[in-house]
Amino acid sequence: LLDPDAVAALNRRIAVPDSGTGVWTPEELAARRIVSGPALREKLSRTWTLGRPYVYRGHVVTGEETAAFRASLNLEALPPVVKGTFAVTTARVSVRNLPMHGGLYDSAAPDDSYYDNVQESALDAGEPLIVYHRSRDGRFVYARSRTVEGWLDDKAVAQCSRRDWKRYAAPV
């Protein structure tokens with residue numbers, strides 16, 4: 001167990017962005033609303049699930065499917081400077097590393113336990129976000145919360161004003 005000084009030290013470390021925890025305060029998240037388009041394009045194009053021999057809908061992913069997954073990232077639509085918008089999750093939502101609902105699996109064997117390699121995490125309703133980008137079909141947004149970033153189903157995200165966003169980011 002931690003003594004009170006150790007708890008205070010841990011809490012200070014957790015509050016520092018990129019300190020190994022990946023947690024940002026609401027102020028730090030809002031301060032990162034504007035990002036470099038080329039840097040975001042590079043980050044999205046390096047999605048680790050692309051180009052691996054995963055199973056999709058019962059078969060190994062084809063080159064055409066990989067190209068379609070890559071195209072769905074809508075990288076050509078990123079401007080030189082991306083001005084993120086304030087938003088809030090409206091329902092529990094999956095955080096994915098590709099803008100797709102279907103999964104990419106290690107195997108199609110019926111006795112394998114399926115692990116969806118596209119699923120990164122999940123966010124509960126009421127989580128403040130900065131939305132940076134939209135998938136080609138418009139069904140997903142690429143966003144960052146205080147703890148995680150990735151593709152979220154657009155139906156579970158509501159754009160809002162900074163004033164309303166602050167009510168979710170730092171409730172009284």
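Basis of the calculations
- Residues numbered from 1 in each chain as written.
- Predicted model: local features only at pLDDT ≥ 70, side-chain atom pairs only at ≥ 80, totals over all residues.
- Heavy atoms only, no water.
- Buried < 20%, exposed > 50% of the residue type's maximum accessible area, 1.4 Å probe, protein only.
- Helix = DSSP H or I, 4+ residues; strand = E, 2+ residues; numbered from the N terminus.
- Arc of directions from axis to C-beta.
- Contact = heavy atoms within 4.5 Å.
- Polar contact = N/O pair within 3.5 Å; in protein donor to acceptor, adjacent residues only side chain to side chain.
- Lys, Arg positive; Asp, Glu negative; His and termini not counted.
- Salt bridge = Lys/Arg side-chain N within 4 Å of Asp/Glu carboxyl O.

Draft legend 1. Quick look at helix α3 (residues 37-45). When we look at burial in α3, the residues that qualify are G37, L40 and L44. Angularly, the buried residues of α3 cover 65° about the axis, an arc narrow enough to put them on a single face. Buried residues along α3 sit against β1 (34-36), β4 (81-83), β8 (128-134), β9 (140-144) and β10 (149-153). The N-cap residue of α3 is S36: its side-chain oxygen and the backbone nitrogen of A39 are 3.1 Å apart.

Draft legend 2. The arrangement of the side chain of E65 in detail. By secondary structure assignment, the location of E65 is in helix α4 (residues 63-72). Buried charged residue E65 carries no salt bridge. Nearest counter-charge: R57, at 6.2 Å. Only 2.9 Å separates the side chain of E65 from the backbone nitrogen of T62, close enough to count as a polar contact. Not counting chain neighbours up to four residues away, the residues in contact with E65 comprise Y56, H59 and V60.

Draft legend 3. Molecular detail of the environment of R33. The residue R33 is located in the loop between α2 (26-31) and β1 in this model. Each C-alpha atom of the pair R33 and Y132 lies 7.9 Å from the other, and the pair is 99 residues apart in sequence. Once you skip the residues sitting within four places of it in the chain, R33 turns out to touch V82, K83, G84, F86, I130 and Y132.

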